[in-house]
Amino acid sequence: IREVHPIARGETLHRRGETTDVIFLDPPYSLGWEKKTTETIAVNPILSKGSWVVMESAAKDGASPMAFGTLVKLKEKTYGDTRVVFYGWAQSNPL
């Protein structure tokens, strides 16, 4: 587990030809990082087949994307002011 700047790390993984299985995103709320980060993941093929992305955001920030890149929203839960969204490959939905 590494804490890294998500956009820089995504671009670095892509340049190296590396992939990852799970990405946890907990960006600063209400600053647009959710959109920027998911766009970076979508255009840089860094996810292995069957990968998961778990994204935390402010519940008040509006709807989370239904899909990005090869991933679709599998589950969404709100806990007080926090929303947690699980994304995964459409064909493998264990939730």
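This is a predicted model, so every value here is computed, not measured.

Caption draft 1: Here's a closer look at the nonpolar core. Ile23, Leu25, Ile41, Ile46, Leu47, Val53, Met55, Phe68, Leu71, Val85, Tyr87 and Trp89 form the largest nonpolar core, which has 12 residues in total. Of all the elements in the fold, those that place two or more residues in this core are β1 (20-25), β2 (47-58) and β5 (82-89). With residues near it in sequence (within four places) discarded, phenylalanine 68 still touches Thr38, Ile41, Ala42, Val53 and Tyr87.

Caption draft 2: Quick look at the side chain of lysine 73. Within the element layout of this structure, lysine 73 appears in strand β4 (residues 71-79). Within the structure, the side chain of lysine 73 is placed 2.6 Å from the side chain of glutamate 76, a separation counted as a polar contact. Among residues more than four places away in sequence, those in contact with lysine 73 are Ser64, Pro65, Met66, Val85, Phe86 and Tyr87.

Caption draft 3: Seen up close, helix α2 (residues 33-43). Along α2, the residues that are buried comprise Glu34, Thr37, Thr38, Thr40 and Ile41. Looking down the long axis of α2, one finds its buried residues gathered within 155 degrees of arc, a one-sided arrangement. Along α2, exposed side chains directed more than 90 degrees from the buried face belong to Lys35 and Val43.

Caption draft 4: Broad picture of the pattern of salt bridges. For the structure shown, the criterion picks out two salt bridges. With a shortest N-O distance of 2.6 Å, glutamate 76 and lysine 73 are connected by a salt bridge. For glutamate 76, a relative accessible area of 33% translates into the label partly exposed. If you follow the salt bridges from partner to partner, you end up with Lys73, Glu76 and Arg83 in one network.

Caption draft 5: Expanded view of the pairing of β2. In terms of strand pairing, β1 meets β2 through five bridges, oriented parallel. For threonine 20, the partnering residue across the bridge sits in β2 and is leucine 47. Regarding topology, α2 serves as the crossover connection from β1 to the parallel β2, and that connection is right-handed. Of the pairings in the sheet, the one linking β2 to β5 comprises seven bridges and is antiparallel in character. Residue valine 53 lies in a different strand from β5, and its bridge partner there is tyrosine 87.

About the cut-offs
- Residues numbered from 1 in each chain as written.
- Predicted model: local features only at pLDDT ≥ 70, side-chain atom pairs only at ≥ 80, totals over all residues.
- Heavy atoms only, no water.
- Core = buried A, V, L, I, M, F, W, Y, C linked by side-chain atoms within 4.5 Å.
- Buried < 20%, exposed > 50% of the residue type's maximum accessible area, 1.4 Å probe, protein only.
- Helix = DSSP H or I, 4+ residues; strand = E, 2+ residues; numbered from the N terminus.
- Contact = heavy atoms within 4.5 Å.
- Polar contact = N/O pair within 3.5 Å; in protein donor to acceptor, adjacent residues only side chain to side chain.
- Arc of directions from axis to C-beta.
- Salt bridge = Lys/Arg side-chain N within 4 Å of Asp/Glu carboxyl O.
- Pairing = 2+ DSSP bridges.
- Right-handed = clockwise from strand over helix to strand, strands pointing away.

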